[in-house]
Amino acid sequence: EQTVSFYEQIGGEETFRRLVRRFYEGVAGDPVLRPLYPQDEEEFARAEERLRLFLMQYWGGPRTYSEQRGHPRLRMRHAPFVIGERERDAWLKHMGDALRELNLPPEQEKTFWDYLVYAAHSLVNA
Ligand code: HEM
């Protein structure tokens, strides 16, 4: 018997592509968050790819993120950015919008959302 990863259950790469694309559209138009992210358009696009690959790996998909970036060390990688409650809540708002637009079954949406809330709270550093 084979275990199907959560990554596969929710639709694989295409689902993560849609989620993170929608999230970064939100970031691009957000006056609180946009200044934290790379100003250069190409680098901004690469940031989208980094988050997508991380989330795919986290949920049991391909390990491309770590092949390219090594151990995630998310707290360390976020240390250069001032992340207070305002930044956290803006980040979660765009993720919540993006996640709901996927129209996943409620139980899967909740699994994903609970993780994002937990992770975002753990990255507040200011
Ligand atoms: C990178 C902001 C929460 C995962 C970044 C970057 C910024 C940022 C400005 C740099 C963009 C880049 O060049 O890659 C924030 C803010 C958050 C937040 C304001 C609010 C709490 C999260 C959460 C996760 C996450 C909850 C994971 C679930 C990542 C990853 C990267 C990243 C994987 C790329 C790391 C790398 O390989 O360099 N974040 N982030 N972030 N963030 Fe966040």
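Attention here is on the structure that accompanies the text. As the structure is a prediction and not an experimental result, all values here were calculated from the model. (Residues numbered from 1 in each chain as written. Predicted model: local features only at pLDDT ≥ 70, side-chain atom pairs only at ≥ 80, totals over all residues. Heavy atoms only, no water.)

Comments concerning the coordination of the iron atom of the ligand
Here is step 1 of the chain: A lone protein donor contacts the iron atom of the ligand, and this donor is His78 (NE2), found at 2.0 Å.
Here is step 2 of the chain: Here His78 lies in helix H5 (residues 74-78). (Donors = N, O, S within 2.8 Å, 3.2 Å for Na, K, Ca; no water. Helix = DSSP H or I, 4+ residues; strand = E, 2+ residues; numbered from the N terminus.)

Re the site of the ligand
Here is step 1 of the chain: Lining the immediate surroundings of the ligand are 21 residues, of which Tyr37, Arg50, Tyr65, Arg69 and His78 lie closest.
Here is step 2 of the chain: Between Arg69 and the ligand, the recorded distance is 2.6 Å, taken from a side-chain N or O atom to an oxygen atom.
Here is step 3 of the chain: At a separation of 3.3 Å, a nitrogen atom of the ligand approaches a polar side-chain atom of Trp91.
Here is step 4 of the chain: In this structure the site holding the ligand corresponds to the largest pocket.
Here is step 5 of the chain: Contributions of two or more residues to the shell around the ligand are made by helix H3 (41-58), helix H4 (64-69), H5, helix H6 (85-101) and helix H7 (106-122).
Here is step 6 of the chain: The leading source of residues in the shell around the ligand is H3, at four residues.
Here is step 7 of the chain: Looking at side-chain class alone, the shell around the ligand contains 16 nonpolar, one polar and four charged residues. (Near = heavy atom within 4 Å. Polar contact = N/O pair within 3.5 Å; in protein donor to acceptor, adjacent residues only side chain to side chain. 1 Å grid on protein atoms, 1.4 Å probe; cavity = no way out; pocket = protein on both sides within 12 Å on 5 of 7 lines; lining within 4 Å. Sits in = over half its atoms within 2 Å of the grid points. Nonpolar A, V, L, I, M, F, W, Y, C, P; charged D, E, K, R; others polar.)

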